[in-house]
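If you want the building blocks of each chain, they are given just below.
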Amino acid sequence: MQEARIVDGHSELGASVVFSNIEQIKYEGPDTDYQLAYRYYNKDQEVLGKRMEDHLRMAVCYWHTFCWDGADIFGGGTFNRPWHNPQNDRAASDAKMAAAFEFFHKLDVPYYCFHDVDVTETSDTPDELSENFKCSAERLGGYQEETGLKLLWGTANLFSHPRYAAGGLTNPDPEVAACAIRQIRDCLEATHQLGGANYVLWGGREGYDTLLNTDLNRELENFGRFLSMVVEHKNKIGFKGKILIEPKPHEPMYHQYDFDTATIYGFLQRFDLLGEVHVNIEPNHATLSGHSFAHEIATAVSLGMMGSIDINCGNYQNGWDTDQFNLDIRDITLAMLELLPSGGLDTGGFNFDAKVRRQSSDAVDLFYGHIGGIDALARALLAAADLVERGQLDDFKSDRYAGWNEGLGKTMLGPKSSLESIADDAAKKQLNGTHSSGHQEYLENLVNRSLR
Ligand code: XLS
Ligand code: NI
Ligand code: NI
């Protein structure tokens, strides 16, 4: 294992010296042997007329990287992070925040994301959480000012506390739903104060395990009504960011209501919220719902719902939300190919909702994980841009559908056409219709040629 390069023995950011022997990660190019450097992510490099940093708008997530101690269902924490203490008191929360901002700064990414409970000490009551979170939001504001870091999105954790076992906004008990709404109000307002670019609602436990104890229609009706209130409040306080729902098909609930992007589209249409709410797509959730990452992006783009991305991936064998750093450059390239022609990300970004493996117990592993993920994103961006510039995929698709722009296709879609007129015409002209090759392998080879 290579030694980290020692800088000056202490951080530029004052109090925290957790990563003191690691200097800010720099671009050194594909040939460097140094592991604490970027080989492909060169933030000022122009790609399709935009800086790489502005294309990717990357964020580090607070929860996996600074809150998780390595515990899983079979055993306790393995990480021994210097900023953790068992009480998770104010001192621990402060130390965590100092370490987090030092890490964001050293990684040199522009954004971060949090849940309300990630940035606060353990709070015993809703009142305590509300108070503690207000203090934490102020401290976050101070760090943002000091470091120039920005908030990609905030979210309320409505799934960890035992009161949320049956959901937050879809809980059968109005008292629990009211607590959830209070947390959302506080977190949306804090996100607004911190200049956040978006506000996220991941379903958490909005779903059910068995219909035997669940009134599905009431839960969905309540969900729709409360989501409308979130949008109303956003407008009332003047929050300009997007409200995002994060689709996921199952886990923790057996059935999650926000199954995938298309399901959310139907839900938003039902409650007249189209255009008000967009999606935060996560590759690991896409594959759990039986889709590819690219499919979810293409669907969101086509339905005008594209918001942001939680970049990670699952393990292809086990079917859980394992939240691994996504190193599958081809898979990300295919998703970027759907995103780039639409103009790319607007208020969204690529948030590393990803965690190092439980055996990767050294703090430096957090750097290796993120550096790998960041370089994979950069390589995918370069590959997708190369494909866009070469234009062959685009030309192929245009040719394949060219029949709809003139002659028969145009007439069929014209205002005078009916089922009858088309059918009669087909009979009269003795239309036969022959298949032309989709050339999938040829197209896949074009993609692979652009992977570098
Ligand atoms: C869990 C989700 C979660 C959201 C934020 O599966 O990905 O991490 O992104 O609540
Ligand atoms: Ni996520
Ligand atoms: Ni997830």
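Residues numbered from 1 in each chain as written. Chains lettered and ligands numbered in written order. Predicted model: local features only at pLDDT ≥ 70, side-chain atom pairs only at ≥ 80, totals over all residues. Heavy atoms only, no water.

At a minimum axis separation of 8 Å, helix H11 (residues 364-390) and helix H15 (residues 440-450) run at an interaxial angle of 125°. What the angle tells us is that H11 and H15 run oblique. As for how H11 packs across H15, the hand of that crossing is right-handed. Facing H11, whose interface residues are Ala 383, Asp 386, Leu 387 and Arg 390, H15 presents Leu 446, Val 447, Arg 449 and Ser 450. Residue composition of the contact of H11 with H15, by class: four nonpolar, one polar and three charged. (Axes fitted to C-alpha atoms, helices over the stretch in contact; angles between N-to-C directions. Helix = DSSP H or I, 4+ residues; strand = E, 2+ residues; numbered from the N terminus. Parallel < 35°, antiparallel > 145°, perpendicular 65-115°, else oblique. Left-handed = near helix turned anticlockwise from the far one by under 90°. Contact = heavy atoms within 4.5 Å. Nonpolar A, V, L, I, M, F, W, Y, C, P; charged D, E, K, R; others polar.)

Right, let's talk about the coordination of the nickel ion (ligand 3) for a bit. Only Glu 282 (OE), His 285 (NE2) and Asp 321 (OD) from the protein reach the nickel ion (ligand 3) as donors, at distances of 2.1 to 2.3 Å. Between consecutive donors of the nickel ion (ligand 3), the numbers of intervening residues give the motif E-x2-H-x35-D. Taken as an interatomic distance, the gap from the nickel ion (ligand 3) to the nickel ion (ligand 2) is 4.0 Å; Glu 282 donates to each of them. A residue pair is termed long-range when its members are at least 10 positions apart, and Glu 282 in the loop between strand E10 (277-281) and helix H8 (283-288) and Asp 321 in the loop between strand E11 (306-310) and helix H10 (329-339) qualify at 39 residues. Just as Glu 282 is buried, Asp 321 falls in that class too. (Donors = N, O, S within 2.8 Å, 3.2 Å for Na, K, Ca; no water. Buried < 20%, exposed > 50% of the residue type's maximum accessible area, 1.4 Å probe, protein only.)

Before going further, it helps to spend a moment on the coordination of the nickel ion (ligand 2). Bound to the nickel ion (ligand 2) are the protein donor atoms Glu 246 (OE), Glu 282 (OE), Asp 310 (OD) and Asp 353 (OD), situated 2.0 to 2.1 Å from the metal. Bound by six donor atoms, the nickel ion (ligand 2) shows angles of 78 to 175° at the metal and therefore octahedral coordination geometry. Each donor residue of the nickel ion (ligand 2) lies on one chain, and together they are spaced E-x35-E-x27-D-x42-D. (Tetrahedral: all angles 85-135°; square planar, octahedral: opposite > 155°, others 65-115°.)

To continue, consider unusual backbone geometry. A cis amide bond links Glu 251 with the next residue in sequence, Pro 252, at an omega value of 10°. With respect to the helices and strands, Pro 252 occurs in the loop between strand E8 (242-246) and strand E9 (255-256). In this structure, Asn 80 is a non-glycine residue whose phi angle is positive, near 50°.

A few words on the side chain of Asn 198. Tracing the backbone shows Asn 198 in strand E6 (residues 198-202). Excluding anything up to four places from it in sequence, Asn 198 contacts Leu 152, Trp 153, Gly 154, Thr 191, Phe 239, Gly 241, Lys 242, Leu 244, Thr 347 and Gly 348.

Our next topic: the confidence of the model for the protein. Of the residues in the protein, 96% have a pLDDT of 70 or more, and the chain-wide mean is 95. Note on residues 2-15: pLDDT is under 50 here. Beyond four places in sequence and across chains, it has 30 contacts. (pLDDT = per-residue confidence, 0-100.)

Let us look at the sheet that holds E8. The eight strands lie next to each other as E3-E4-E5-E6-E8-E10-E11-E12, forming a closed barrel whose pairing is parallel. The mean angle between the axes of side-by-side strands here comes to 30°, regardless of whether they run parallel or antiparallel. The pairing of strand E5 (residues 150-155) with E6 spans two bridges and is classified as parallel. Within E6, the residue paired with Trp 153 across the bridge is Asn 198. (Pairing = 2+ DSSP bridges.)

This part takes up the site of ligand 1. Ligand 1 sits among Trp 63, His 115, Trp 153, Trp 202, Glu 246, Lys 248, Glu 282, His 285, Asp 310, Asp 321 and Asp 353. At 2.7 Å from an oxygen atom of ligand 1 is found a side-chain nitrogen or oxygen belonging to His 115. Glu 246 places a polar side-chain atom, nitrogen or oxygen, 2.7 Å from an oxygen atom of ligand 1. For ligand 1, the accessible surface in isolation is 290 Å², of which the surrounding protein chains cover 95%. Split by residue class, the shell around ligand 1 holds three nonpolar, two polar and six charged. (Near = heavy atom within 4 Å. Polar contact = N/O pair within 3.5 Å; in protein donor to acceptor, adjacent residues only side chain to side chain. Areas by Shrake-Rupley, 256 points an atom, 1.4 Å probe, with all protein chains shown as cover.)

Of all hydrophobic cores here, the largest spans 120 residues; its most connected members are Tyr 62, Phe 104, Leu 107, Tyr 112, Phe 114 and Phe 350. Among the elements that make up this core, the one with the highest residue count is H11 (14 residues). Discounting residues that sit within four places of it in the chain, Phe 350 has contacts with Leu 56, Arg 57, Met 58, Ala 59, Ile 309, Ile 311, Met 336, Leu 339, Leu 345 and Leu 377. (Core = buried A, V, L, I, M, F, W, Y, C linked by side-chain atoms within 4.5 Å.)

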